[in-house]
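# Tertiary structure, described
The residues making up each chain are set out below.
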Amino acid sequence: MTGQPFFEEVKMVVLHTDLDNTIIYSYKHEIGPEKRNVELYQGREISFVTEKTYALLQQVKKRMLVVPTSTRSLEQYQRIDLGVGAFPYALVCNGGILLADGKRDESWYQESLELIGQSEAELQKALCLLKKDIRRKFDLRFIEQLFVFTKCENPQHVVENLREALDIALVDVFHNGEKVYVVPKSLNKGKAVQRFRKYIHADFVIAAGDSEFDISMLEEADVGLAPYGFTKEFAVDFTVREMDEKRVFAESLLQECLEI
């Protein structure tokens, strides 16, 4: 490609970015002293961004449409204030809910419910199994009637047991630390990126994420950005740009967006 800069040759560039451990980090993570709080919960400061991330994010927002794309519930997402101004769009609940100017798009949500229809019986079965599981140590939640969430002791064993009991052709079962999820196959971030590309008529899509939930999103995007070691950890068989392991992932990915 020659002549004009890349971003002048395309009309609509979208960055779908995960939040936790991609842009923001909990108090449990060491990201250096130059940081700012972006999330309060019950009066406690629980999530932060680096000052460099804060500065880079403002630059990126001027260059492309940034769409937070998170597995967080609507309530959890609304606790976050990155301090860079409102995002016109956000995808929460693993892409099941679209926020446009902060308001739920009901047609998007209804379409999400239709997409997961075949998985409903498996979700109900998961709820029954987890309700009786003595390893569960948190409320059992059916998030927006879209997916199942709880926290468990021995989460890896819980996940293995659920995978044996459920039809994994219809649902995915994950754990992230002690958090356990049962999610319809059709409710993934890759599908959300695909739907949003059509919704907004995007010409070019970048995606950034760090976890198993983000694999489908990275694959669906034109460019996928991930932390160092991601490809090996998740046995990814498609092209992903891994960032510098010596830098905070958030800073690296945002700098990469400015250089694409």
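Quick look at the structure, then. From a predicted model like this one, the values you see are computed outputs, not experimental measurements. (Residues numbered from 1 in each chain as written. Predicted model: local features only at pLDDT ≥ 70, side-chain atom pairs only at ≥ 80, totals over all residues. Heavy atoms only, no water.)

## Things to note about the packing of aromatic side chains
Both the distance between ring centres and the angle between the ring planes are used here to describe each pair of aromatic rings. Going through the model one piece at a time under the given rule, you end up with 10 aromatic pairs. With 6.3 Å between their ring centres and 40 degrees between their planes, F147 and Y181 make a pair best called tilted. Pair noted here: F147 is in strand β10 (residues 147-151) and Y181 is in strand β12 (residues 179-184), with a separation of 34 residues, a long-range link. Judged by its relative accessible area of 2%, F147 falls in the buried class. (Phe/Tyr/Trp six-rings, centres within 6.5 Å; stacked < 30°, edge-to-face > 60°. Helix = DSSP H or I, 4+ residues; strand = E, 2+ residues; numbered from the N terminus. Buried < 20%, exposed > 50% of the residue type's maximum accessible area, 1.4 Å probe, protein only.)

## Examining the layout of surface pockets
As a volume, the largest pocket reaches approximately 1200 Å³. Elements that contribute at least two residues to the lining of the largest pocket include exactly β2 (25-26), β3 (35-41), β4 (44-50), α3 (74-78), β9 (141-143), β10 and β12. Along the lines of polarity and charge, the residues of the lining of the largest pocket split into 11 nonpolar, 11 polar and 15 charged. Empty space within the second largest pocket amounts to approximately 290 Å³. What lines the second largest pocket is a set of 18 residues, among which Y77, I80, G85, A86 and F87 lie closest to the centre. Those elements that provide at least two residues to the lining of the second largest pocket are α3 and β6 (89-92). Looking at side-chain class alone, the lining of the second largest pocket contains 12 nonpolar, 4 polar and 2 charged residues. (1 Å grid on protein atoms, 1.4 Å probe; cavity = no way out; pocket = protein on both sides within 12 Å on 5 of 7 lines; lining within 4 Å. Points joined across faces, edges and corners; volume = space filled by probe spheres on them. Nonpolar A, V, L, I, M, F, W, Y, C, P; charged D, E, K, R; others polar.)

## Observations regarding helix α7 (residues 189-200)
The end-to-end C-alpha distance of α7, which contains 12 residues, comes to 16 Å, matching closely the 16 Å that a straight helix rising 1.5 Å per residue would cover. If you check which residues of α7 are buried, you get K189, G190, A192, V193, R195, F196 and I200. At the N-terminal boundary of α7, the capping side chain belongs to N188, with an oxygen 3.0 Å from the backbone nitrogen of G190. With its phi angle positive at about 60 degrees, H201 sits one or two positions after the end of α7. (Expected span 1.5 Å × (residues − 1). Polar contact = N/O pair within 3.5 Å; in protein donor to acceptor, adjacent residues only side chain to side chain.)

## Overview of the pairing of β3
Where β3 meets β4, 6 bridges bridge the pair, whose relative direction is antiparallel. From the neighbouring strand, R36 faces β4, where its bridge partner is V49. Where β3 hands over to β4, the hairpin turn is made up of 2 residues, of which Q42 adopts a positive phi near 50 degrees. (Pairing = 2+ DSSP bridges.)

## Quick word on the sheet that holds β10
Read across the open sheet, the 4 strands follow the order β9-β10-β12-β11; overall the sheet is antiparallel. A single partner strand is all that each edge strand has here, and the edge strands are β9 and β11 (171-176). Strand-to-strand twist in this sheet, taken as the mean axis angle between neighbours without regard to direction, amounts to 20 degrees. Sheet topology places β11 next to β12; 6 bridges connect them, and they run antiparallel. Residue pairing across strands places V173 opposite V182, the latter belonging to β12. Here helix α5 (residues 120-132) sits on the sheet in contact with β9, β10, β11 and β12, set at roughly 20 degrees to β10. (Axes fitted to C-alpha atoms, helices over the stretch in contact; angles between N-to-C directions. Contact = heavy atoms within 4.5 Å.)

## Comments concerning the side chain of D210
Mapped onto the secondary structure, D210 falls in the loop between β13 (204-208) and α8 (215-220). Of the side chains with opposite charge, K189 lies nearest to the buried D210, which makes no salt bridge, at 6.8 Å. At 3.0 Å, the side chain of D210 forms a polar contact with the side chain of T22. Not counting residues up to four positions away in its chain, the partners in contact with D210 are D18, D20, N21, T22, P227, F230, F234 and F249. (Lys, Arg positive; Asp, Glu negative; His and termini not counted. Salt bridge = Lys/Arg side-chain N within 4 Å of Asp/Glu carboxyl O.)

## Considering the sheet that holds β3
The sheet built from 3 strands is open, its strands ordered β2-β4-β3 with antiparallel pairing. Each edge of the open sheet carries a strand with a single partner, namely β2 and β3. Two strands pair when backbone bridges link them, and β2 and β4 are joined in this way by 2 bridges, in the antiparallel orientation. When the bridges of β4 are listed, S26 appears paired with S47. Contacts from helix α2 (residues 51-63) reach β3 and β4, with the element oriented near 65 degrees to β4.

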